[in-house]
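For reference, the chains in residue letters:
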Amino acid sequence: MSNLFAVCIPGLEDFTAQELEQLGLGVKRTLSPSVDSPPGRKPDDTGGGVEFRGSLPDIYRVNLHLRTGSRVLVRLGTFYAAAFSDLRRRARRLPWEGYLIPGQPAAFRVTSHQSRLYHTGAVAEYIAGAVADRLGKPLTIRKFDEDPVTSLPQLIVVRLVANHCTISLDSSGSLLHRRGYRLATAKAPLRETLAAGILLASGWDSASPLLDPFCGSGTIAIEAALLAKKIAPGRARHFAFMDWPNFNAAIWKSLMAESTAKTPSPSPKIIASDRDAGAIQAARANAERAGVADCIEFSCRSVSAIKPPPYPGWVITNPPYGVRVSAGKDLRHLYAQLGKILRAKCLNWNLALLCDRVQLLKSTGLKFDRGIPLRNGGLRVRLMQSLVK
Ligand SMILES: C[S@@+](CC[C@H](N)C(=O)[O-])C[C@H]1O[C@@H](n2cnc3c(N)ncnc32)[C@H](O)[C@@H]1O
């Protein structure tokens, strides 16, 4: 059993913990949401996340099934190091040979807080030296760049806090929101992991109707269909752990077989629309690739022309809020129209809406809860919920 850490978008920790518990894993503790840290920070070990324990097959299972996590880190070891000689000596004792092939490309992400070893470049060099001591050959050090997503180097995450060094290996490779289906995008697409988090936070029961009237490239509707049909989000992609020397292909094969052998769940009514024909075309193509096109009713229409079923469900949506889409436009009219349409056509429906403009929310005339603070592509937003009255 190893100590593991699921990195997630700050604000989604509770939902990531809930998912891990549903996978039967013991969650140790949830880090407090760090939404107040500076925007634009790369998701890494210092962001939001959940600590848990698990075996090698659990690492495969979590990568395959987790909907809200961004990556899964394996804690290789934690030790005290206040001098570079200690760092190299102690790092040399870690079982690198299970995870790295001598000479392979690797990238370091190092952070240091209140520690004597504050030069992050030198910390990386000494740890690379320790790996070379252990494996008999140095790694090929590269920059970790998500684009292009093919052949990423193995990411090694190092964190020094008060002279305590934690070394982790990334088991995911490209971030977990890259499910492989969203090749076509419209304006300001949501990360798939955020869309899944919104769905879990909304309390949608996976059976009642779900409507997204501002669907863009269809992320919310597609993630809803994957969730309702219990389709593993990672079934079509590559993971870093598949390149580890300790990779057990037979276990992976049986986990994949287990995930596809489940009896198909009935599909709820999922309706997605957008006024932009190009967005609908992209959304359909994405749903097709995700294998859920037959579960979603797509149509090109303005929010004023939505046609929800006569019985209640959930409206879960990400309307423009004037930063990345409709920048500079006064959107109060659109939000007032949304409120009016929902009261007329979706009375007693649950509403979950990603936005952070108090003025715009007021324009709907609906009463919202305090919301859940989240991050959408570096922007601070809130998931606001209401019962349409
Ligand atoms: C923030 S984007 C949604 C992104 C989407 N969640 C995704 O992951 O791709 C907002 C969408 O609202 C659509 N939109 C703006 N005004 C609209 C209106 N009056 N009726 C319907 N759709 C509208 C835009 O075309 C845009 O695709």
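Residues numbered from 1 in each chain as written. Predicted model: local features only at pLDDT ≥ 70, side-chain atom pairs only at ≥ 80, totals over all residues. Heavy atoms only, no water.

## Structural notes on the site of the ligand
Neighbouring the ligand are 20 residues; Leu190, Ser217, Thr219, Asp274 and Val303 lie closest to it. Between the ligand and Asp274 there is a distance of 2.7 Å, counted from an oxygen atom to a side-chain nitrogen or oxygen. Interatomic distance of 2.9 Å between a backbone N/O atom of Val303 and a nitrogen atom of the ligand. Burial of the ligand by the protein amounts to 96% of the accessible area it has alone, namely 610 Å². (Near = heavy atom within 4 Å. Polar contact = N/O pair within 3.5 Å; in protein donor to acceptor, adjacent residues only side chain to side chain. Areas by Shrake-Rupley, 256 points an atom, 1.4 Å probe, with all protein chains shown as cover.)

## Points about the sheet that holds strand S11 (residues 296-300)
Read from one edge of the open sheet, seven strands run S11-S10-S9-S12-S13-S15-S14, paired in mixed fashion. In this open sheet, the two edge strands, each paired with only one partner strand, are S11 and strand S14 (372-376). Put simply, the sheet's adjacent strands are angled 20° from each other on average, direction ignored. In this structure, strand S9 (residues 210-212) lies alongside strand S10 (residues 270-274), joined through three bridges in parallel fashion. Each bridged residue has a counterpart across the sheet, and for Leu211 the counterpart in S10 is Ile271. (Pairing = 2+ DSSP bridges. Helix = DSSP H or I, 4+ residues; strand = E, 2+ residues; numbered from the N terminus. Axes fitted to C-alpha atoms, helices over the stretch in contact; angles between N-to-C directions.)

## Describing the packing of aromatic side chains
The tally for this structure, following the rule as stated, stands at nine aromatic pairs. Taking the centre distance of 4.5 Å and the plane angle of 15° together, the rings of Tyr60 and Phe241 count as stacked. Taken together, the residues Tyr60 in helix H2 (residues 56-65) and Phe241 in the loop between helix H6 (219-228) and helix H7 (249-261) connect sequence positions 181 residues apart. Assigned by exposure class, Tyr60 and Phe241 land together as buried. With a centroid separation of 5.3 Å and an interplanar angle of 5°, the aromatic rings of Phe239 and Phe241 are classed as stacked. Neither Phe239 nor Phe241 differs from the other in exposure class; each is buried. One aromatic cluster is present, formed by Tyr60, Phe239, Phe241, Phe247 and Trp252 through successive ring pairs. (Phe/Tyr/Trp six-rings, centres within 6.5 Å; stacked < 30°, edge-to-face > 60°. Buried < 20%, exposed > 50% of the residue type's maximum accessible area, 1.4 Å probe, protein only.)

## Side note on the packing of helix H3 (residues 84-92) against helix H4 (residues 120-135)
Running from N to C, H3 and H4 cross one another at 40°; their axes reach a closest spacing of 8 Å. Classed by the angle they form, the pair H3 and H4 counts as oblique. In this structure, the crossing between H3 and H4 has a hand that is right-handed. When H3 is examined against H4, the residues Phe84, Leu87, Arg88, Ala91 and Arg92 are found in contact with a partner set consisting of Ala122, Val123, Tyr126, Ile127, Gly129, Ala130, Asp133 and Arg134. Considered class by class, the residues forming the contact of H3 with H4 number eight nonpolar, one polar and four charged. (Parallel < 35°, antiparallel > 145°, perpendicular 65-115°, else oblique. Left-handed = near helix turned anticlockwise from the far one by under 90°. Contact = heavy atoms within 4.5 Å. Nonpolar A, V, L, I, M, F, W, Y, C, P; charged D, E, K, R; others polar.)

## Considerations on the domain arrangement of the protein chain
For the protein chain, the domain assignment lists domain 1 (2-170) and domain 2 (192-231 + 263-387). Computed from C-alpha atoms alone, the centre-to-centre distance between domain 1 and domain 2 is 34 Å. Contact residues are listed per partner, giving 15 residues for domain 1 and 17 residues for domain 2. Between domain 1 and domain 2, roughly 1400 Å² of surface is buried when both sides are summed, and carbon and sulfur atoms account for 63% of that area. Between domain 1 and domain 2 we count zero salt bridges in total. (Domains from an automatic or database assignment. Buried area = accessible area lost by both parts, 1.4 Å probe. Salt bridge = Lys/Arg side-chain N within 4 Å of Asp/Glu carboxyl O.)

## A word on helix H1 (residues 13-22)
Given 3.6 residues per turn, any residue in an α-helix points the same way as the ones three and four places further on. Glu13, Phe15, Thr16, Ala17, Glu19 and Leu20 are the residues of H1 that are buried. Positive phi appears at Gly24, one or two residues downstream of H1, with a value of about 85°.

## With respect to the nonpolar core
With 64 residues, the main nonpolar core has Trp204, Val292, Ile296, Ile316 and Leu342 as its most contacted residues. At eight residues, H6 tops the list of elements feeding residues into this core. Shared between two domains, this core holds at least three residues of each, these being domain 1 (2-170) and domain 2 (192-231 + 263-387). Among all residues touching Ile296, those that are not within four sequence positions of it are Ala221, Ile222, Ala225, Ile270, Ala272 and Ala287. Ranked by size, the runner-up nonpolar core spans 50 residues in total, among them Leu25, Leu87, Val158 and Phe239. (Core = buried A, V, L, I, M, F, W, Y, C linked by side-chain atoms within 4.5 Å.)

## As for the pairing of strand S7 (residues 154-161)
By the criterion of burial, S7 is predominantly enclosed, with six of the eight residues buried. Taken together, the six bridges between S7 and strand S8 (residues 164-170) define a ladder with antiparallel strand orientation. Counterpart to Val158 in the pairing with S8 is Ile167. Connecting S7 to the antiparallel partner S8 that follows it, the hairpin turn spans two residues, and Ala162 within it adopts a positive phi of roughly 50°.

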